[in-house]
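# Overview (structure and organization)
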Amino acid sequence: MARLTLQQQLQYKELGYYFPVPVLQDSEVMQFRSFFFDYLSANRERLKQLPMRKQYLVFSQTHAVLRWVYRIVSHPNVLDAVESVLGPNLLVWDTGWFSKMPGEGKYVAWHQDSLYFGLHPPHLTTAWIALTESIPENGCLRVIPRSHERVFSHRETESQGNLLSRGQEIAVEVHESEAVDLNLKPGQLSLHHVGIVHGSNVNGSDIPRIGLAVRYLTPDVTHQGSPQQFAMLVRGEDNLGHFELLPPPGGNGVSIGSSIQAKILERMGLDA
Ligand SMILES: O=C(O)CCC(=O)C(=O)O
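So, a few notes on the structure that sits alongside this text. In this text the structure is predicted, and so the values were computed from the model without any measurement. (Residues numbered from 1 in each chain as written. Predicted model: local features only at pLDDT ≥ 70, side-chain atom pairs only at ≥ 80, totals over all residues. Heavy atoms only, no water.)

## Section: the side chain of Asp113
Tracing the backbone through its elements, the reader meets Asp113 in the loop between β3 (108-111) and α7 (114-117). Using a relative accessible area of 6% as the deciding quantity, one classes Asp113 as buried. Beyond its immediate chain neighbours, meaning those up to four positions away, Asp113 contacts Thr126, His192, Val194, His198 and Arg215. (Helix = DSSP H or I, 4+ residues; strand = E, 2+ residues; numbered from the N terminus. Buried < 20%, exposed > 50% of the residue type's maximum accessible area, 1.4 Å probe, protein only. Contact = heavy atoms within 4.5 Å.)

## As for the site of the ligand
The environment of the ligand is formed by 13 residues, the closest being Trp128, His198, Ser200, Arg209 and Arg215. Taking 290 Å² as the accessible area of the ligand by itself, protein coverage stands at 100%. Contributions of two or more residues to the shell around the ligand are made by β3, β4 (124-130), β10 (198-200) and β11 (209-217). Per-element accounting of the shell around the ligand gives the leading share, 3 residues, to β11. The class makeup of the residues in the shell around the ligand is 5 nonpolar, 5 polar and 3 charged. (Near = heavy atom within 4 Å. Areas by Shrake-Rupley, 256 points an atom, 1.4 Å probe, with all protein chains shown as cover. Nonpolar A, V, L, I, M, F, W, Y, C, P; charged D, E, K, R; others polar.)

## Details of the pattern of salt bridges
Applying the stated criterion across every chain yields a total of 11 salt bridges. Between Arg146 and Glu14 there is a salt bridge, with the nearest N and O atoms lying 2.7 Å from each other. One end of the pair, Arg146, is in the loop between β5 (141-143) and β6 (154-156); the other, Glu14, is in helix α1 (residues 6-15), and 132 residues separate them in sequence. Assessed through its relative accessible area of 46%, Arg146 is described here as partly exposed. (Salt bridge = Lys/Arg side-chain N within 4 Å of Asp/Glu carboxyl O.)

## Side note on the sheet that holds strand β2 (residues 90-100)
Strand order in the open sheet formed by 7 strands is β1-β9-β4-β11-β2-β12-β13, with mixed pairing between adjacent strands. The sheet terminates laterally at β1 (17-22) and β13 (244-245), the two strands that pair on one side only. Two strands pair when backbone bridges link them, and β2 and β11 are joined in this way by 9 bridges, in the antiparallel orientation. By the bridge assignment for β11, Phe98 is matched with Gly211. Here helix α6 (residues 76-86) sits on the sheet and contacts β1, β2, β4, β9 (188-193), β11 and β12 (230-235); the angle it forms with β4, its principal contact strand, is near 150 degrees. (Pairing = 2+ DSSP bridges. Axes fitted to C-alpha atoms, helices over the stretch in contact; angles between N-to-C directions.)

## Description of unusual backbone geometry
Put simply, Phe19 and Pro20 share a cis peptide bond, and its omega is -10 degrees. Positionally, Pro20 belongs in strand β1. Note the cis peptide between His120 and Pro121, where omega equals -10 degrees. Mapped onto the elements, Pro121 comes out in the loop between α7 and β4.

## As for the nonpolar core
Within the largest apolar cluster, 50 residues are counted, with the highest numbers of intra-cluster contacts made by Trp68, Trp97, Leu189 and Tyr216. In this structure, Tyr216 is in contact with Val73, Val78, Leu79, Val82, Leu86, Leu91, Val92, His123, Leu124, Thr125, Ala127 and Val234, ignoring residues within four places of it in sequence. Formed by 14 residues, the second largest nonpolar core is a distinct cluster that contains Tyr17, Leu182, Ile196 and Ala213. (Core = buried A, V, L, I, M, F, W, Y, C linked by side-chain atoms within 4.5 Å.)

## Remarks on α6
Burial analysis of α6 places 8 of its 11 residues in the buried class, which makes it a mostly covered element. Among all positions of α6, only Val78, Leu79, Asp80, Ala81, Val82, Glu83, Ser84 and Leu86 are buried.

## Focus on the pairing of β11
Within β11, 9 of the 9 residues are buried, which leaves the element mostly enclosed by the surrounding structure. Covered by surrounding structure in β11 are Arg209, Gly211, Ala213, Arg215 and Leu217 together with Ile210, Leu212, Val214 and Tyr216, the residues of both alternating faces. Pairing between β4 and β11: 7 bridges, direction antiparallel. Its bridge partner lying in β11, Thr126 is registered against Arg215.

## Considerations on the side chain of His63
Mapping His63 onto the fold places it in the loop between α4 (56-59) and α5 (67-73). According to the relative accessible area criterion, His63 is buried, its value standing at 1%. Of note is the side chain of His63, whose polar atom sits 2.8 Å from the side chain of Thr95. (Polar contact = N/O pair within 3.5 Å; in protein donor to acceptor, adjacent residues only side chain to side chain.)

## Some details on the packing of aromatic side chains
For any pair of aromatic rings, the description rests on two quantities: the centre-to-centre distance and the angle between the ring planes. Applying the stated criterion to the full structure yields 8 aromatic pairs. Seen from their ring centres, Trp68 and Trp97 are 5.6 Å apart, and the 35 degrees between their planes marks the pair as tilted. Placement of Trp68 in helix α5 and of Trp97 in strand β2 is noted, with a sequence separation of 29 residues between them. For Trp68, a relative accessible area of 8% puts it in the buried group. Overall, the relative accessible area of 4% leaves Trp97 in the buried class. When the ring of Trp93 is compared with that of Phe117, the centres are 4.9 Å apart and the planes differ by 50 degrees; the resulting orientation is tilted. Residue Trp93 is found in strand β2, and its partner Phe117 is found in helix α7; the two are separated by 24 residues along the sequence. Residue classification places Trp93 among the buried residues on the basis of a relative accessible area of 2%. (Phe/Tyr/Trp six-rings, centres within 6.5 Å; stacked < 30°, edge-to-face > 60°.)

What follows is the structure, encoded as structure tokens:
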């Protein structure tokens, strides 16, 4: 059982994050990690041709077309943890692999997701699921406790290495001394509120750091100004219909059941 206790739920509400929650068994981690490395090898040439800022295209929305990623986002333990903070009806709106290999020099600048997602009310959480150890040495996710209650202005930069698609970063000074490292073992997840200030440093170790960030939301969320108006129901019901619902991918390879999934594949540069 990966449900949060009442006290853990209160901690999430107050601080804007909770970790660690064990969700995957070792055998599952090994299998998913090997699928991830296969996917990386299959896309190596395409990634070489893309500027770092555009590489997210290969790593985002894979749950919509790859069955093994769908298995992660719909895993009962993951959903139990997410249900603890969002309630019984859950949609996946977005996923992104955040992989930082030794020597790559990639980092994620301090930012708040809420400013860029265009979704209201902020009934969203990110489950960041670790497939490797994620520790300060290899650039684990870091958060500023309680920052989800405030809105900070951001600027868009040309900084080299920032994995965010618009090079966004918070325009005011972030006090590093307040940051909390979300240390995770493989198979554990952390939850962070859509408004929390978060980021991560360069991987300065000799081990990879691989995690899947899954954005879950509740059916009452609306998407004015959002770049994306589709979602996948993974638990409970959606009686409001604010999002076009994607079917889960089937089979073992890439899979499409809707025109949106076909577009996602095209954007990723993959063939069906
Ligand atoms: O994995 C990271 O280092 C950053 C993840 C992130 O920005 C997010 O989950 O929103």
